[in-house]
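Residue-level structure breakdown
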Amino acid sequence: MADKCDLCLLELIILSSLLTGISGVDDHVFISSGENVRLSCNNALSGCKSTTWTYYNRFRHSETVELITLGIKNKDTERLSLESDCSLNIKNVTEEDYGSYSCQQWTDVNGRQPGSDERVYLHVLHVSVFPSSSSSSSSSSQTEISPGRSVTLSCQLYLYTGFSCADQVRSEGFELLWVNQAGVDLKTDSRYQILSSSDQDRCIIITLTTTLLNEDDNREWRCQLTHRNQVKTSVRYTVKYSAQADSTTALNPVHITH
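Basis of the calculations
- Per chain, residues are indexed from 1 in the order of the written sequence.
- Reporting of local features is limited, given that this is a predicted model, to residues whose pLDDT is at least 70; pairs of side-chain atoms are given and counted only at 80 or more, and all residues count toward the totals for whole chains, interfaces and linings.
- To obtain the side-chain values, all non-hydrogen atoms of the structure were included, while hydrogens and water were left out.
- To qualify as a helix, a DSSP run of H or I must reach at least 4 residues; to qualify as a strand, a run of E must reach at least 2; elements of each kind are numbered from the N terminus.
- Residues count as neighbours in contact if any of their non-hydrogen atoms are within 4.5 Å of one another.
- Using a 1.4 Å probe, accessible areas were evaluated by the Shrake-Rupley method; residue-level cover was limited to the displayed protein chains.
- What makes a nonpolar core is a set of buried Ala, Val, Leu, Ile, Met, Phe, Trp, Tyr and Cys residues whose side-chain atoms join them at distances within 4.5 Å.
- Relative accessibility thresholds used throughout: buried, under 20% of the residue-type maximum; exposed, over 50%; partly exposed, between the two (1.4 Å probe, protein chains only).
- Cysteine sulfur atoms that come within 2.5 Å of each other are treated as a disulfide pair.
- Note on definitions: salt bridges are taken to be side-chain nitrogens of Lys or Arg within 4 Å of carboxyl oxygens of Asp or Glu.
- A pair of strands is treated as paired once DSSP finds two or more bridges between them.

Quick word on the overall build of the protein chain
Helix and strand content of the protein chain: two helices and 18 strands. Excluding contacts between residues fewer than 6 apart, the proportion of contacts in the protein chain whose partners are at least 24 apart in sequence is 61%. When the accessible surface of the protein chain is split by element, carbon and sulfur atoms take 47% of a total near 13400 Å².

A look at the nonpolar core
If you look at the biggest cluster of nonpolar residues, it comprises 28 residues, and the most contacted ones within it are Leu 176, Trp 178 and Trp 221. Mapped onto this core, the elements with two or more residues apiece are β9 (114–130), β11 (150–158), β12 (174–180), β14 (204–211), β15 (220–227) and β16 (230–238). Ranked by residue count, the leading element in this core is β11, at four residues. Excluding its chain neighbours within four sequence positions, the residues that come into contact with Trp 221 are Leu 153, Trp 178, Val 179, Leu 186, Tyr 192, Thr 210, Leu 212, Asp 216, Val 235, Arg 236, Tyr 237 and Val 239. In terms of nonpolar packing, the next biggest core, distinct from the first, is built from 24 residues, Leu 39, Leu 88, Tyr 121 and Val 124 among them.

A look at the state of the cysteines
Counting across every chain of the model gives three disulfides. Covalently, Cys 48 is tied to Cys 86 through a disulfide, its sulfur atoms 2.3 Å apart. Taking the sign of the S-S torsion, about -110 degrees here, the bridge from Cys 48 to Cys 86 comes out left-handed. With Cys 48 in the loop between β2 (37–39) and β3 (51–56) and Cys 86 in the loop between β6 (80–82) and β7 (88–90), the pair connects residues that are 38 residues apart, well separated along the chain.

Concerning the pattern of salt bridges
Taken as a whole, this structure holds nine salt bridges when the rule is applied. Two residues, Arg 79 and Asp 97, come together in a salt bridge whose shortest N-O distance is 2.9 Å. Of the two residues, Arg 79 sits in the loop between β5 (72–73) and β6 while Asp 97 sits in the loop between β7 and β8 (99–106), which places them 18 residues apart along the sequence. Across the salt bridge formed by Asp 216 and Arg 219, the nearest N and O atoms sit 2.5 Å from each other. Residue classification places Arg 219 among the partly exposed residues on the basis of a relative accessible area of 28%.

Thoughts on the pairing of β14
Burial runs high along β14: seven of the eight residues are buried. Note: β11 against β14, eight bridges, orientation antiparallel. Bridge pairing in β14 places Leu 153 opposite Leu 208. Here five bridges tie strand β13 (residues 193–197) to β14, and the two strands are oriented antiparallel to one another.

Put into structure tokens, the structure is as follows:
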């Protein structure tokens, strides 16, 4: 019994340590999809030829993926770049980028002597729009939108840690809200149907469904992520009708800004 209690105490200490780290700006980064992000390598040695960046997400990959090996990119993509201080830049972040990133420093350029590690957790807030003109939802697609039509916005938090989503949300007080331009929670307005759910990949999902009105042209709705009542990041959705918008309008652009 004593051994079991000791094990429980150890798990609580580890969990407490991780959750305390959530509040730190160096270890956990919250970003909206479509933005650029810089992940710091705080213990960088002189010169990035001794730097290796790896990525891991147990929901998407069975093994760790090396993005940068001794200062050289392994993935042929313009979205990744290394700064002079060995920080990793990711352009136009997508929901697939969320996960655990590790910056490993080696004491020699041949990668024989391991140095220090710096781990960064990247969490991504993403919005999908329905209906979409493409077969899959996308925050950057053209959407059939006009007065009288119903539109659904799905805001999803991709939160990655070593523990379950339910434990993180309950212990840390994460919350997604749809608010208007004045910051008022749209749950207080009966014209909006707002539902919450979750799954293994997307930690929190909150959908907003409404029928568009003529006066909704240029109206802004915002999905915001709060952590202990402090806003960490948000995505804005602005309705745009064409100059001749009516019930037959189709394929007007939907603008998602951050």
